[in-house]
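Fold and contact review
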Amino acid sequence: MTKTKSVAFHTLGCKLNYSETSTISRLMENEGFEKKEFEDLADVYVINTCSVTDNADKECRQLVRRIQRKAPESLVVITGCYAQLKPKEIAEIPGVDLVLGAAEKFNIAAHIKELSKGDSTKISSCEIEDVTGFNASYSINDRTRTFLKVQDGCDYTCSFCTIPQARGKSRSDSIANVVKNAEEIARGGSKEIVLTGVNLGDFGKGDITPTLSKGEGVKNRSENFNELIQQLDEVNGIERYRISSIEPNLLTNEIIEFVSKSKKFMPHFHIPLQSGSNTVLGAMRRRYKRELYAERVAFIKELMPHCCIGVDVIVGFPGETDALFKETFDFLHSLDISYLHVFTYSERDNTHALTLKPVVPHTVRHERNKTLRNLSYMKMQYFTQQHAGETRPVLFEGHSKNGMMEGYTDNYIKITTPYKEEWVNEIVDWKI
């Protein structure tokens, strides 16, 4: 590079993507790039995409069009899950210069140095079976909370999901390296770490050591998530940890018991359910029944009555009749949970769910989504009301919205108050 090039990033999707974008940004700064805001003029724009939401394609195209209008001479790089799943489709979007698959996203700087605007679009991707390494990443300087990626990929075969096709087999960092990263984050001043991954409870599988026969290999470590959280609890300087999401079949009683006694792991679990009907769970190829889910919730509440429990649920899955949806609604209504993340089922290429019938009309899917979002609102209102009058620790975040600041209690109740600079990144005792 003859002069310092500037780069701007935009992230679509999950906390895992945010942690990876942040790490890629630091890698590029180390290579001499100057980081800019996405709204600013930059020499290079990087869009880190998602495959979970229905709008991946649409959002990506809209962002590229915006860049084309604003900075037609700038390079546009697309990476992330959508880029791994449909590289050729993305390469055909006017204005895209480079498409990087899962194996290459952390090598962006090297690829950019070989690019010129006007060249034909370059695709650097590989078969997902060949993606076997783990790249540690975490977000920093972006917010009070730091998202720390400790696991990637998934060995599950849920019938609606493309994430294993986009991110590959389950693999994870070593406990020693996660602890080292947590210590580094603590030195940077962050008070809270959110542990992220595709299937966090599966933590402990390392890189795959290749064997002679293609596609096979030996997972070369045997650590587990329970051991990880115990060691993280001892790291000085980090005052709070949250577990971003953990499958109910992998959330063991030992993990729940540990969190209930820990001073640093917050009383807050996010546990995907996806459906409250065993019939639908079977069609989704989930690895548990609703009875196990109810047991997990009951055990958490027995040990931590104040614990916040969030739930992922999908509405409108093929074959979900009105009666089966009612099963889900009634089940969620009966559970002592705090809020829902509701997803409307959307078709994905190369998934088993595409073969399932009958297909639920889009209007019905959206009605069901609205019904569960209303339930979620009532659940969170009730949960917050239960703690009215209590004093709980709140970690306040740094950004000001119209003169207001936000923070979360240990058990994830959102607090909004007039902005005070001295409270930024500080834990304040707050009467709810």
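Scroll up for the structure.
Here we summarise the structure given alongside this text.

A closer look at the overall build of the chain
Counting its regular elements, the chain contains 13 helices and 21 strands. In summary, the chain has a C-alpha radius of gyration of 22 Å against a globular reference of 22 Å for 432 residues, a match within 12%. For the chain, the spread of C-alpha atoms along the principal axes amounts to about 60 × 55 × 50 Å. Burial statistics for the chain: of 432 residues in total, 53% are counted as buried. If you take every contact in the chain between residues at least 6 apart in sequence, the share linking residues at least 24 apart comes to 72%. If you sum the accessible surface of the chain, you get close to 19600 Å²; carbon and sulfur atoms cover 49% of it.

Points about the pairing of strand β3 (residues 44-49)
Most of β3 is tucked away, with six of its six residues classed as buried. Side-chain alternation along β3 places Val44, Val46 and Asn48 on one buried face and Tyr45, Ile47 and Thr49 on a second face that is also buried. The sheet contact formed by strand β1 (residues 6-11) and β3 spans five bridges and is parallel. By the bridge assignment for β3, Ala8 is matched with Tyr45. Note: β3 against strand β4 (residues 75-80), six bridges, orientation parallel. Bridge pairing links Ile47 to Ile78 in β4.

What to know about the sheet that holds strand β6 (residues 122-124)
The six strands are arranged β2-β1-β3-β4-β5-β6 in an open sheet whose pairing can be described as parallel. Single-partner strands in this sheet number two, and they are β2 (34-36) and β6. Taken pair by pair, the neighbouring strands of this sheet meet at an average axis angle of 20°, ignoring direction. The sheet contact formed by strand β5 (residues 98-100) and β6 spans three bridges and is parallel. Bridging from a neighbouring strand, Leu98 pairs with Lys122 of β6. Of the strands in this sheet, β1, β2 and β3 touch helix α1 (residues 15-30), which is tilted by about 175° from β1. Lying over the sheet, helix α2 (residues 56-70) contacts β1, β3 and β4, oriented at roughly 175° with respect to β3.

Some thoughts on the pattern of salt bridges
In a structure, side chains of opposite charge can pair up when their charged atoms sit close to one another. Using the criterion set out here, one finds 25 salt bridges in the structure. Here Asp410 ties to Arg392 by a salt bridge, and the two come within 2.8 Å at their closest N and O atoms. Note that Asp410 is positioned in the loop between β19 (404-409) and β20 (414-418) and Arg392 in strand β18 (residues 391-396), a separation of 18 residues in sequence. Both residues of the pair, Asp410 and Arg392, belong to the buried class. One network of salt bridges, in which partners are shared, links Glu20, Lys105, Lys149, Asp152, Arg167 and Arg171.

Considering α2
Given a rise of 1.5 Å per residue, 15 residues ought to cover 21 Å, and the 21 Å separating the end C-alpha atoms of α2 matches this to within 8%. Within α2, burial applies to Ala56, Cys60, Leu63, Val64 and Ile67. The arc enclosing the buried residues of α2, seen along the axis, measures out at 100°, which places them on a common side. The inward-facing, buried residues of α2 abut β1, β3, β4 and α3 (81-85).

What counts and how
- Residues numbered from 1 in each chain as written.
- Predicted model: local features only at pLDDT ≥ 70, side-chain atom pairs only at ≥ 80, totals over all residues.
- Heavy atoms only, no water.
- Helix = DSSP H or I, 4+ residues; strand = E, 2+ residues; numbered from the N terminus.
- Rg over C-alpha atoms; globule rule 2.2 N^0.38 Å.
- Buried < 20%, exposed > 50% of the residue type's maximum accessible area, 1.4 Å probe, protein only.
- Contact = heavy atoms within 4.5 Å.
- Areas by Shrake-Rupley, 256 points an atom, 1.4 Å probe, with all protein chains shown as cover.
- Pairing = 2+ DSSP bridges.
- Axes fitted to C-alpha atoms, helices over the stretch in contact; angles between N-to-C directions.
- Salt bridge = Lys/Arg side-chain N within 4 Å of Asp/Glu carboxyl O.
- Expected span 1.5 Å × (residues − 1).
- Arc of directions from axis to C-beta.

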